[in-house]
Amino acid sequence: MTDLETRVAAPPAPPPPAPLPRRAVPALVGYAAVRVLGLVVLAVWSAARGKSALTLLTARWDSLWYTRVAELGYGYQVRLPDGDVHSDLAFFPLLPWLERGLHAVTPLSYAHAGLVVSLVASLAAAAGIYAVAEHAYGRRVGVCAVLLWAVLPVAVVQSMAYSESLFTALAAWALYALLTGRWVSAGLLAALAGLTRPVGGAVVAAVWTAAVISFVRERSAARTDGARRTAHAPSGTAGASTHVPFPFILRRLLGVLIAPLGAAGYVLWVGRRTGGGPFGYLDVQAGWRNGFDGGYAFARFVADKFTSFPSALAGAGLIAGVVLLLWLYVSGVRRGQPVELLVYTGIVLALALCASSYFGSKPRLLLPAFPVLLPLAEALARLRTSRSALVTAALAIVSAVYGAFWLNGSGPP
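Residues numbered from 1 in each chain as written. Predicted model: local features only at pLDDT ≥ 70, side-chain atom pairs only at ≥ 80, totals over all residues. Heavy atoms only, no water.

## Points about the nonpolar core
Here comes step 1: Core analysis: the biggest nonpolar cluster contains 103 residues, and Trp149 and Tyr344 have the highest contact counts within it.
Here comes step 2: Ranked by residue count, the leading element in this core is helix H8 (residues 164-179), at 12 residues.
Here comes step 3: Contacts of Trp149, omitting those with residues within four sequence positions, involve Tyr31, Ser122, Ala125, Ala126, Ile129, Ala155, Gln158, Thr168, Leu367, Phe370 and Leu373. (Core = buried A, V, L, I, M, F, W, Y, C linked by side-chain atoms within 4.5 Å. Buried < 20%, exposed > 50% of the residue type's maximum accessible area, 1.4 Å probe, protein only. Helix = DSSP H or I, 4+ residues; strand = E, 2+ residues; numbered from the N terminus. Contact = heavy atoms within 4.5 Å.)

Here it is in structure tokens:
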């Protein structure tokens, strides 16, 4: 009698996931397509009105201030008839530094260098948004989140020589570094974000919050593990606590210490230059009539819209927009969005909605608050591919037309 042995082959190991840059390709291709559509519509619209789309993107509003800083350094100010003083110290230095560096190594003018920086940064921002959304909710949601960011009504700002795209790129990758435990990278990116826009403090707060949560979880795990070991240990022996490697603790501490250096360094430098001390930067912002009043000025602005019928429609639209933002934020809380994202988004929303700055700038100030789009991205991802593509295409057309109309009209301040 022959003894036969049945051998069962082990299932093959699943292939390793593709690198993040390769996984992000569909999102980046979709983002680039939407932005190209927006720029083409802008060029056609501007030409029909006898304007230059390139000038609108590089040489108007804040882009002129950034270009001047890049070319001549700080020290320029304008005194208005009402006594307000607009100083270039209100503009953080990272974008002008990059404009100056690119101008030095290429034939590009400072203004065109700013446009190139913004275009590259917008792609980096899209990749960072994808990385965050994919890590939290999966690949399909990541693609949808990027496309939704691309089709926002004021998404044309992402292609302007402004600092929104650069800041969003740094913030998104800093948040991704936090979600994946890369503390030093998160701190460095937070410091760079702090050199880009005043809202860089939101990234710093996210780093600090993540560090506190990490520390509390370690202590809780150590107490639980110690109690379990003590309960099972022989009489007279002590339970050992969970050990956290020192290199991890050091990296976390470095991230926490590095994160505020960018924003704090620039604010203190401005205070020393103006003689205003630690609050000198606030004095500079006051010259632009920028401040934090808890939303009082914005509420009055909205209320004034209801004094006549045509403007009442705009007031109703503003209220609906604010309600939508708050609803999306609360939805993120209910869906268990990572705390780091909630802290970051909450501060960005608060600073944008509760500041007494020029009200026309609020839509673009909300661009970095991309995590607020994640509930919508989840909903879009649940649709069939054909439907989600149709919805995205329709929104892209609306965004392109509105962006061209807006930039050829009042535009961002």
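Next comes the rest of the account.
## Re unusual backbone geometry
Here comes step 1: Within the chain, Trp61 stands out as a residue other than glycine whose phi angle is a positive 55°.
Here comes step 2: On the secondary structure map, Trp61 appears in the loop between helix H3 (53-58) and helix H4 (62-72).
Here comes step 3: Of note, the phi angle at Arg289 is positive, near 60°, even though the residue is not glycine.
Here comes step 4: Inspection of the secondary structure assignment puts Arg289 in the loop between helix H13 (280-287) and helix H14 (296-304).

## Quick word on the environment of Leu170
Here comes step 1: Following the sequence through the fold, Leu170 ends up in helix H8.
Here comes step 2: On the basis of relative accessible area, Leu170 is assigned to the buried category, the value being 10%.
Here comes step 3: As for Leu170 and Thr209, which are separated by 39 residues in sequence, their C-alpha atoms are 18 Å apart.

## What to know about the packing of helix H9 (residues 183-194) against helix H11 (residues 246-258)
Packed helices, taken two at a time, are described by the angle between their axes plus the distance between the axes.
Here comes step 1: Where H9 meets H11, the closest approach of the two axes is 7 Å, and the angle between their N-to-C directions is 5°. What the angle tells us is that H9 and H11 run roughly parallel. When H9 is examined against H11, the residues Trp183, Val184, Gly187, Leu188 and Ala191 are found in contact with a partner set consisting of Phe248, Arg251, Arg252, Leu254, Gly255 and Ile258.
Here comes step 2: Looking at the contact of H9 with H11, its residues break down into seven nonpolar, two polar and two charged. (Axes fitted to C-alpha atoms, helices over the stretch in contact; angles between N-to-C directions. Parallel < 35°, antiparallel > 145°, perpendicular 65-115°, else oblique. Nonpolar A, V, L, I, M, F, W, Y, C, P; charged D, E, K, R; others polar.)

## Digging into a nonpolar patch on the surface
Here comes step 1: On the surface, Leu37, Trp45, Ile397, Val401, Tyr402 and Phe405 cluster together into a nonpolar patch covering about 530 Å² of accessible area.
Here comes step 2: Only helix H2 (25-48) and helix H19 (385-407) provide two or more residues apiece to the nonpolar patch.
Here comes step 3: Per element, the largest residue contribution to the nonpolar patch is four residues, and it comes from H19.
Here comes step 4: Position of Tyr402 among the secondary structure elements: in helix H19.
Here comes step 5: The class for Tyr402 is partly exposed, based on a relative accessible area of 35%. (Patch = residues over 30% accessible without salt bridge, like charges linked within 9 Å, V, L, I, M, F, W, Y side chains within 5 Å. Areas by Shrake-Rupley, 256 points an atom, 1.4 Å probe, with all protein chains shown as cover. Salt bridge = Lys/Arg side-chain N within 4 Å of Asp/Glu carboxyl O.)

## Side note on the side chain of Asp62
Here comes step 1: Inspection of the secondary structure assignment puts Asp62 in helix H4.
Here comes step 2: Asp62 gets classed as buried once you look at its relative accessible area, which sits at 11%.
Here comes step 3: Sequence-distant contacts of Asp62, defined by excluding residues within four places in its chain, comprise Phe91, Tyr162, Arg364 and Pro413.

## Focus on the pattern of salt bridges
Here comes step 1: According to the stated counting rule, one finds seven salt bridges in the structure shown.
Here comes step 2: For Arg197, the salt bridge identified is with Glu164, shortest N-O distance 3.3 Å. Of this pair, Arg197 sits in the loop between H9 and helix H10 (201-232) while Glu164 sits in helix H8, and the two are 33 residues apart along the sequence.
Here comes step 3: Residue class for Arg197 comes out buried when judged on its relative accessible area of 11%.

## Topic: the packing of aromatic side chains
Here comes step 1: Counted under the stated rule, the structure contains 17 aromatic pairs.
Here comes step 2: Aromatic side chains Trp45 and Phe405 sit 6.3 Å apart centroid to centroid with 70° between the ring planes, which places their arrangement in the edge-to-face category. You can see Trp45 sitting in helix H2 and its partner Phe405 sitting in helix H19, a full 360 residues away along the chain.
Here comes step 3: For Trp45, a relative accessible area of 30% translates into the label partly exposed.
Here comes step 4: Judged by its relative accessible area of 52%, Phe405 falls in the exposed class.
Here comes step 5: Plain terms: the ring middles of Tyr74 and Tyr266 are 5.9 Å apart, the flat faces sit at 40° to each other, and that makes the pair tilted. Here Tyr74, found in the loop between H4 and strand E1 (77-79), pairs with Tyr266, found in helix H12 (residues 261-274); they are 192 residues apart in sequence, far enough to count as distant.
Here comes step 6: For Tyr266, a relative accessible area of 4% puts it in the buried group. (Phe/Tyr/Trp six-rings, centres within 6.5 Å; stacked < 30°, edge-to-face > 60°.)

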